[in-house]
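# Examining the three-dimensional arrangement
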Amino acid sequence: MKALQYPIRSLFIGFIGLLVNTSLLAAPDTDWPKKPIVAILSFPAGGSTDVFARAVMAPLGEALGQSIVIDNKPGAGGMIGLQAAAKAAPDGYTIHFSALTNQVISQALFKNPPADLRKDYAPVALVGTVPHLIVVNPGVPAKNLPELIAFIKSKKGDFNYASQGNGSLSHLESTLFMQRIGATGTHIPYKGSSFALPDLIAGNTLMMFDSVTASLPHIQSGKLRPIAIAAAERSPLMPNVPTLGQDGMKQFDVENFYAVYVPKGVPPAIISKLEREIRKILTNPDFKARMATQGIHPQFANSEKLAEITTEEHNKWEKVVKSANIKVD
(Lines give C-alpha, C1' and ligand atoms only; values in the text may rest on other atoms or scores of the structure.)
Protein backbone atom coordinates (compact mmCIF):
# COMPACT_ATOMS: atom_id res chain seq x y z
CA MET A 1 0.00 0.00 0.00
CA LYS A 2 2.79 2.39 0.79
CA ALA A 3 4.14 2.02 -2.72
CA LEU A 4 0.87 3.35 -4.09
CA GLN A 5 0.61 6.41 -1.83
CA TYR A 6 3.44 8.33 -3.41
CA PRO A 7 2.15 8.21 -7.02
CA ILE A 8 -1.39 9.17 -5.94
CA ARG A 9 -0.06 12.06 -3.85
CA SER A 10 2.09 13.20 -6.78
CA LEU A 11 -0.84 13.07 -9.16
CA PHE A 12 -2.96 15.10 -6.73
CA ILE A 13 -0.27 17.77 -6.38
CA GLY A 14 0.17 17.86 -10.15
CA PHE A 15 -3.59 18.29 -10.63
CA ILE A 16 -3.68 21.19 -8.16
CA GLY A 17 -0.74 22.78 -9.99
CA LEU A 18 -2.57 22.46 -13.30
CA LEU A 19 -5.61 24.22 -11.86
CA VAL A 20 -3.43 27.03 -10.53
CA ASN A 21 -1.67 27.45 -13.86
CA THR A 22 -4.99 27.43 -15.75
CA SER A 23 -6.40 30.11 -13.46
CA LEU A 24 -3.33 32.23 -14.01
CA LEU A 25 -3.74 31.93 -17.76
CA ALA A 26 -7.39 32.99 -17.46
CA ALA A 27 -6.60 35.92 -15.18
CA PRO A 28 -6.09 38.52 -17.94
CA ASP A 29 -9.68 37.89 -19.12
CA THR A 30 -11.29 38.02 -15.68
CA ASP A 31 -9.26 41.06 -14.65
CA TRP A 32 -10.20 42.98 -17.80
CA PRO A 33 -10.34 45.92 -18.18
CA LYS A 34 -7.22 47.44 -16.63
CA LYS A 35 -7.09 50.57 -18.82
CA PRO A 36 -9.42 52.80 -20.90
CA ILE A 37 -11.26 51.23 -23.84
CA VAL A 38 -11.66 52.77 -27.31
CA ALA A 39 -15.02 52.57 -29.08
CA ILE A 40 -14.62 53.16 -32.82
CA LEU A 41 -17.56 54.61 -34.74
CA SER A 42 -17.89 54.91 -38.51
CA PHE A 43 -19.78 58.22 -38.44
CA PRO A 44 -19.02 61.73 -37.14
CA ALA A 45 -20.14 63.40 -33.93
CA GLY A 46 -23.71 64.63 -33.82
CA GLY A 47 -25.38 61.86 -35.83
CA SER A 48 -27.53 59.02 -34.51
CA THR A 49 -24.60 56.57 -34.31
CA ASP A 50 -22.60 59.01 -32.19
CA VAL A 51 -25.53 59.98 -29.95
CA PHE A 52 -26.54 56.37 -29.34
CA ALA A 53 -22.95 55.21 -28.81
CA ARG A 54 -22.21 57.87 -26.21
CA ALA A 55 -25.45 57.09 -24.39
CA VAL A 56 -24.50 53.40 -24.11
CA MET A 57 -20.75 53.76 -23.60
CA ALA A 58 -20.94 56.16 -20.65
CA PRO A 59 -22.78 53.75 -18.31
CA LEU A 60 -20.89 50.79 -19.76
CA GLY A 61 -17.60 52.43 -18.80
CA GLU A 62 -18.92 53.03 -15.28
CA ALA A 63 -19.97 49.40 -14.97
CA LEU A 64 -16.56 48.19 -16.16
CA GLY A 65 -14.64 50.65 -14.00
CA GLN A 66 -12.80 52.24 -16.93
CA SER A 67 -13.52 55.15 -19.26
CA ILE A 68 -14.55 54.41 -22.85
CA VAL A 69 -13.15 56.88 -25.38
CA ILE A 70 -15.23 57.50 -28.51
CA ASP A 71 -13.16 57.56 -31.71
CA ASN A 72 -15.16 58.86 -34.71
CA LYS A 73 -13.78 57.64 -38.05
CA PRO A 74 -16.29 58.67 -40.75
CA GLY A 75 -16.12 58.15 -44.48
CA ALA A 76 -16.55 55.61 -47.30
CA GLY A 77 -20.01 54.59 -46.17
CA GLY A 78 -18.68 53.43 -42.81
CA MET A 79 -15.83 51.37 -44.23
CA ILE A 80 -13.02 53.49 -42.72
CA GLY A 81 -14.17 52.92 -39.16
CA LEU A 82 -15.06 49.31 -39.85
CA GLN A 83 -11.57 48.56 -41.14
CA ALA A 84 -9.84 50.43 -38.31
CA ALA A 85 -11.64 48.48 -35.59
CA ALA A 86 -11.16 45.16 -37.39
CA LYS A 87 -7.39 45.67 -37.46
CA ALA A 88 -7.15 46.46 -33.73
CA ALA A 89 -5.58 43.98 -31.32
CA PRO A 90 -8.14 41.40 -30.09
CA ASP A 91 -7.53 42.22 -26.45
CA GLY A 92 -10.86 43.79 -25.54
CA TYR A 93 -9.54 47.35 -25.52
CA THR A 94 -11.09 48.22 -28.89
CA ILE A 95 -14.78 47.75 -29.59
CA HIS A 96 -16.87 48.75 -32.57
CA PHE A 97 -20.21 50.49 -32.15
CA SER A 98 -21.73 49.66 -35.51
CA ALA A 99 -24.46 51.23 -37.60
CA LEU A 100 -25.11 47.66 -38.69
CA THR A 101 -27.57 48.35 -41.51
CA ASN A 102 -25.34 51.03 -43.00
CA GLN A 103 -22.30 48.80 -42.96
CA VAL A 104 -23.83 45.70 -44.54
CA ILE A 105 -25.14 47.96 -47.32
CA SER A 106 -21.64 49.32 -47.87
CA GLN A 107 -20.25 45.79 -47.98
CA ALA A 108 -22.78 44.97 -50.71
CA LEU A 109 -22.04 48.14 -52.69
CA PHE A 110 -18.25 48.08 -52.66
CA LYS A 111 -16.52 45.48 -54.86
CA ASN A 112 -13.72 44.86 -52.37
CA PRO A 113 -14.80 46.03 -48.91
CA PRO A 114 -11.79 46.34 -46.56
CA ALA A 115 -13.57 44.58 -43.70
CA ASP A 116 -16.61 42.39 -43.07
CA LEU A 117 -18.77 42.29 -39.95
CA ARG A 118 -19.34 38.55 -40.42
CA LYS A 119 -15.73 37.51 -40.96
CA ASP A 120 -13.55 40.02 -39.11
CA TYR A 121 -15.60 40.52 -35.95
CA ALA A 122 -17.14 38.66 -33.03
CA PRO A 123 -20.69 39.83 -32.25
CA VAL A 124 -21.39 41.13 -28.74
CA ALA A 125 -24.92 42.51 -28.58
CA LEU A 126 -27.65 44.22 -30.59
CA VAL A 127 -28.42 47.56 -28.92
CA GLY A 128 -31.41 48.95 -30.82
CA THR A 129 -32.89 50.72 -33.82
CA VAL A 130 -33.28 54.31 -35.01
CA PRO A 131 -35.89 55.13 -37.69
CA HIS A 132 -35.14 57.33 -40.72
CA LEU A 133 -37.38 59.95 -42.24
CA ILE A 134 -37.50 62.32 -45.21
CA VAL A 135 -36.68 65.91 -44.25
CA VAL A 136 -36.70 68.99 -46.47
CA ASN A 137 -35.75 72.63 -46.19
CA PRO A 138 -38.78 74.73 -45.11
CA GLY A 139 -38.40 76.67 -48.39
CA VAL A 140 -39.61 73.58 -50.25
CA PRO A 141 -43.37 74.11 -50.80
CA ALA A 142 -44.28 70.45 -50.20
CA LYS A 143 -46.03 69.60 -46.92
CA ASN A 144 -46.57 65.88 -47.54
CA LEU A 145 -45.29 63.00 -49.67
CA PRO A 146 -47.59 63.46 -52.71
CA GLU A 147 -46.72 67.17 -52.82
CA LEU A 148 -43.00 66.42 -52.50
CA ILE A 149 -43.14 63.90 -55.36
CA ALA A 150 -44.97 66.40 -57.57
CA PHE A 151 -42.45 69.13 -56.72
CA ILE A 152 -39.47 66.87 -57.43
CA LYS A 153 -40.90 65.87 -60.80
CA SER A 154 -41.48 69.52 -61.67
CA LYS A 155 -37.74 70.15 -61.23
CA LYS A 156 -37.01 67.76 -64.14
CA GLY A 157 -33.77 66.56 -62.56
CA ASP A 158 -32.51 70.04 -61.71
CA PHE A 159 -32.04 69.57 -57.97
CA ASN A 160 -29.63 68.14 -55.38
CA TYR A 161 -30.44 65.65 -52.66
CA ALA A 162 -28.17 64.80 -49.74
CA SER A 163 -27.16 61.56 -48.04
CA GLN A 164 -25.00 60.51 -45.11
CA GLY A 165 -22.41 59.23 -47.58
CA ASN A 166 -21.77 56.86 -50.46
CA GLY A 167 -22.90 53.39 -49.51
CA SER A 168 -24.91 54.54 -46.49
CA LEU A 169 -28.52 53.58 -45.74
CA SER A 170 -29.42 57.22 -46.42
CA HIS A 171 -27.89 56.88 -49.91
CA LEU A 172 -29.72 53.63 -50.65
CA GLU A 173 -33.06 54.99 -49.43
CA SER A 174 -32.71 58.07 -51.65
CA THR A 175 -31.79 55.98 -54.69
CA LEU A 176 -34.72 53.61 -54.19
CA PHE A 177 -37.06 56.56 -53.61
CA MET A 178 -36.01 58.24 -56.86
CA GLN A 179 -36.44 54.97 -58.72
CA ARG A 180 -39.91 54.45 -57.26
CA ILE A 181 -41.15 57.91 -58.29
CA GLY A 182 -39.35 57.89 -61.65
CA ALA A 183 -37.21 60.96 -61.00
CA THR A 184 -33.53 61.84 -61.25
CA GLY A 185 -31.45 64.40 -59.40
CA THR A 186 -27.88 64.98 -58.27
CA HIS A 187 -26.78 62.95 -55.28
CA ILE A 188 -24.53 64.87 -52.87
CA PRO A 189 -22.85 62.48 -50.39
CA TYR A 190 -21.51 63.74 -47.05
CA LYS A 191 -19.55 62.11 -44.22
CA GLY A 192 -22.61 61.85 -42.01
CA SER A 193 -25.64 63.81 -40.85
CA SER A 194 -23.68 66.52 -39.06
CA PHE A 195 -22.03 67.48 -42.37
CA ALA A 196 -25.14 67.11 -44.53
CA LEU A 197 -27.73 68.89 -42.42
CA PRO A 198 -26.19 72.41 -42.54
CA ASP A 199 -26.35 72.37 -46.36
CA LEU A 200 -29.92 71.08 -46.26
CA ILE A 201 -30.90 73.81 -43.80
CA ALA A 202 -29.19 76.40 -46.03
CA GLY A 203 -31.19 75.20 -49.02
CA ASN A 204 -28.22 73.85 -50.97
CA THR A 205 -29.92 70.46 -51.15
CA LEU A 206 -33.63 69.73 -51.46
CA MET A 207 -34.18 66.65 -49.32
CA MET A 208 -32.52 63.89 -47.34
CA PHE A 209 -33.28 60.59 -45.66
CA ASP A 210 -31.89 61.07 -42.17
CA SER A 211 -32.24 59.59 -38.69
CA VAL A 212 -34.92 60.94 -36.39
CA THR A 213 -32.20 61.43 -33.75
CA ALA A 214 -30.04 63.79 -35.83
CA SER A 215 -32.89 65.68 -37.50
CA LEU A 216 -35.17 66.11 -34.48
CA PRO A 217 -33.55 69.25 -32.98
CA HIS A 218 -33.73 71.01 -36.36
CA ILE A 219 -37.34 69.93 -36.87
CA GLN A 220 -38.24 71.24 -33.43
CA SER A 221 -36.54 74.58 -34.17
CA GLY A 222 -38.34 74.89 -37.51
CA LYS A 223 -35.18 74.68 -39.61
CA LEU A 224 -36.31 71.43 -41.27
CA ARG A 225 -39.69 70.01 -42.22
CA PRO A 226 -40.45 66.29 -41.82
CA ILE A 227 -42.34 64.65 -44.68
CA ALA A 228 -42.67 60.94 -43.87
CA ILE A 229 -41.14 58.19 -41.71
CA ALA A 230 -39.39 55.27 -43.45
CA ALA A 231 -40.63 52.76 -40.87
CA ALA A 232 -43.61 50.54 -40.16
CA GLU A 233 -44.95 52.87 -37.45
CA ARG A 234 -45.06 56.59 -36.74
CA SER A 235 -42.62 58.08 -34.28
CA PRO A 236 -44.13 58.99 -30.88
CA LEU A 237 -42.05 62.17 -31.09
CA MET A 238 -43.82 63.20 -34.31
CA PRO A 239 -47.27 61.59 -34.21
CA ASN A 240 -48.56 63.84 -37.00
CA VAL A 241 -45.88 62.70 -39.47
CA PRO A 242 -47.14 59.66 -41.43
CA THR A 243 -45.10 56.69 -42.55
CA LEU A 244 -44.23 56.40 -46.24
CA GLY A 245 -46.72 53.54 -46.46
CA GLN A 246 -49.51 55.62 -44.95
CA ASP A 247 -48.78 58.37 -47.47
CA GLY A 248 -48.97 56.07 -50.48
CA MET A 249 -45.53 54.46 -50.85
CA LYS A 250 -45.91 50.86 -49.74
CA GLN A 251 -43.11 48.45 -48.77
CA PHE A 252 -40.61 51.12 -47.80
CA ASP A 253 -40.11 50.10 -44.17
CA VAL A 254 -36.49 50.08 -43.00
CA GLU A 255 -35.22 48.52 -39.75
CA ASN A 256 -32.06 50.50 -38.99
CA PHE A 257 -30.05 48.30 -36.59
CA TYR A 258 -27.20 49.29 -34.27
CA ALA A 259 -24.91 46.82 -32.52
CA VAL A 260 -21.63 46.27 -30.66
CA TYR A 261 -18.85 44.04 -32.03
CA VAL A 262 -15.23 43.31 -31.11
CA PRO A 263 -12.33 42.25 -33.36
CA LYS A 264 -12.29 38.52 -34.04
CA GLY A 265 -10.15 36.71 -31.47
CA VAL A 266 -11.23 38.59 -28.34
CA PRO A 267 -11.50 36.07 -25.45
CA PRO A 268 -15.03 34.74 -24.79
CA ALA A 269 -14.88 35.87 -21.16
CA ILE A 270 -14.56 39.50 -22.27
CA ILE A 271 -17.39 39.17 -24.79
CA SER A 272 -19.62 37.65 -22.11
CA LYS A 273 -18.83 40.46 -19.69
CA LEU A 274 -19.60 43.13 -22.30
CA GLU A 275 -22.83 41.39 -23.31
CA ARG A 276 -23.95 41.10 -19.68
CA GLU A 277 -23.33 44.76 -18.84
CA ILE A 278 -24.88 46.04 -22.08
CA ARG A 279 -28.01 44.06 -21.34
CA LYS A 280 -28.33 45.71 -17.93
CA ILE A 281 -28.07 49.16 -19.54
CA LEU A 282 -30.56 48.54 -22.34
CA THR A 283 -33.20 47.01 -20.06
CA ASN A 284 -33.01 49.87 -17.54
CA PRO A 285 -36.40 51.71 -17.66
CA ASP A 286 -34.80 55.13 -17.10
CA PHE A 287 -32.35 54.57 -19.97
CA LYS A 288 -35.14 53.44 -22.31
CA ALA A 289 -37.25 56.47 -21.45
CA ARG A 290 -34.33 58.85 -22.02
CA MET A 291 -33.52 57.28 -25.38
CA ALA A 292 -37.15 57.51 -26.47
CA THR A 293 -36.98 61.31 -26.23
CA GLN A 294 -34.27 61.20 -28.92
CA GLY A 295 -36.02 58.82 -31.29
CA ILE A 296 -33.87 55.83 -30.27
CA HIS A 297 -35.41 52.41 -29.59
CA PRO A 298 -33.16 50.32 -27.29
CA GLN A 299 -33.45 46.63 -28.11
CA PHE A 300 -31.18 43.93 -26.68
CA ALA A 301 -30.20 40.70 -28.39
CA ASN A 302 -27.32 38.48 -27.30
CA SER A 303 -24.20 37.65 -29.30
CA GLU A 304 -25.68 34.51 -30.82
CA LYS A 305 -28.80 36.30 -32.03
CA LEU A 306 -26.73 39.23 -33.31
CA ALA A 307 -24.72 36.84 -35.47
CA GLU A 308 -27.99 35.70 -37.07
CA ILE A 309 -29.22 39.27 -37.56
CA THR A 310 -25.91 40.30 -39.14
CA THR A 311 -26.15 37.51 -41.72
CA GLU A 312 -29.83 38.16 -42.39
CA GLU A 313 -29.26 41.90 -42.89
CA HIS A 314 -26.31 41.27 -45.20
CA ASN A 315 -28.30 38.86 -47.37
CA LYS A 316 -31.33 41.15 -47.43
CA TRP A 317 -29.51 44.30 -48.51
CA GLU A 318 -27.24 42.49 -50.94
CA LYS A 319 -30.37 41.39 -52.82
CA VAL A 320 -31.78 44.95 -52.74
CA VAL A 321 -28.55 46.43 -54.09
CA LYS A 322 -28.35 43.90 -56.92
CA SER A 323 -32.02 44.05 -57.90
CA ALA A 324 -32.01 47.86 -57.96
CA ASN A 325 -28.64 47.94 -59.78
CA ILE A 326 -27.36 50.56 -57.34
CA LYS A 327 -23.80 51.77 -57.84
CA VAL A 328 -21.51 53.82 -55.60
CA ASP A 329 -21.12 57.33 -57.04
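Placed above this text is the structure.
This text gives an overview of the structure that appears in the document.

As a further point, take the overall build of the protein chain. When helices and strands are counted, the protein chain shows eleven helices and eleven strands. Relative to its 329 residues, the protein chain shows a buried fraction of 51%. Relative to all contacts within the protein chain whose residues are 6 or more apart in sequence, the contacts with residues 24 or more apart total 79%. Accessible surface computed for the protein chain: about 15000 Å², of which carbon and sulfur atoms make up 55%.

Bringing the sheet that holds strand S9 (residues 225-229) into the picture now. Strand order in the open sheet formed by five strands is S7-S6-S8-S5-S9, with mixed pairing between adjacent strands. Two strands close off the open sheet at either side, each with one partner strand: strand S7 (186-189) and S9. Looking at each pair of strands side by side, their axes are set apart by 30 degrees on average, direction ignored. Set on the sheet, helix H5 (residues 145-154) makes contact with strand S5 (132-136), strand S8 (207-211) and S9; between it and S5 the angle comes to about 55 degrees. Together, S5, S8 and S9 form the strand contacts of helix H8 (residues 212-220), whose direction differs from that of S8 by roughly 115 degrees.

So, about the side chain of His187. When you line up the elements, His187 lands in strand S7. Accessibility expressed as a relative area gives 11% for His187, which makes it buried. Within the local environment of His187, its side chain forms a polar contact with the side chain of Ser163, the two groups lying 2.7 Å apart.

Moving on, we come to empty space enclosed by the protein. Scanning the model with the defined rule gives one cavity of 30 Å³ or more in all. In this structure, the largest cavity is lined by Phe43, Pro44, Gly47, Ser48, Thr49, Asp50, Ala99, Asn102, Gln164, Gly192, Ser193 and Tyr258. Of all the elements, helix H2 (residues 48-64) adds the most residues to the lining of the largest cavity, at three residues. Tallied by class, the residues present in the lining of the largest cavity amount to four nonpolar, seven polar and one charged.

The terminal C-alpha atoms of H2, which comprises 17 residues, lie 24 Å apart, in line with the 24 Å expected from a rise of 1.5 Å per residue. Residues Ser48, Thr49, Asp50, Phe52, Ala53, Ala55, Val56, Met57, Leu60, Gly61 and Leu64 constitute the buried set of H2. Directly after H2, the chain includes Gly65, whose backbone phi takes a positive value near 80 degrees.

Our focus in this paragraph is the layout of surface pockets. Empty space within the largest pocket amounts to approximately 260 Å³. Contributing to the lining of the largest pocket are 15 residues, with Ala231, Ala232, Glu233, Glu255 and His297 lying nearest its centre. Grouping the constituent residues of the lining of the largest pocket by class yields seven nonpolar, four polar and four charged.

Let us look at the pairing of S5. The buried count for S5 comes to five of five residues, which makes it a mostly enclosed element. Residues of S5 alternate between two faces, with His132, Ile134 and Val136 on one and Leu133 and Val135 on the opposite face, all of them buried. Pairing geometry for S5 and S8, over five bridges, is antiparallel. Across the sheet, Leu133 pairs through a bridge with Asp210, a residue of S8. Direction of pairing for S5 relative to S9: antiparallel, over a ladder of four bridges.

The rules behind the values
- Residues numbered from 1 in each chain as written.
- Predicted model: local features only at pLDDT ≥ 70, side-chain atom pairs only at ≥ 80, totals over all residues.
- Heavy atoms only, no water.
- Helix = DSSP H or I, 4+ residues; strand = E, 2+ residues; numbered from the N terminus.
- Buried < 20%, exposed > 50% of the residue type's maximum accessible area, 1.4 Å probe, protein only.
- Contact = heavy atoms within 4.5 Å.
- Areas by Shrake-Rupley, 256 points an atom, 1.4 Å probe, with all protein chains shown as cover.
- Pairing = 2+ DSSP bridges.
- Axes fitted to C-alpha atoms, helices over the stretch in contact; angles between N-to-C directions.
- Polar contact = N/O pair within 3.5 Å; in protein donor to acceptor, adjacent residues only side chain to side chain.
- 1 Å grid on protein atoms, 1.4 Å probe; cavity = no way out; pocket = protein on both sides within 12 Å on 5 of 7 lines; lining within 4 Å.
- Points joined across faces, edges and corners; volume = space filled by probe spheres on them.
- Nonpolar A, V, L, I, M, F, W, Y, C, P; charged D, E, K, R; others polar.
- Expected span 1.5 Å × (residues − 1).

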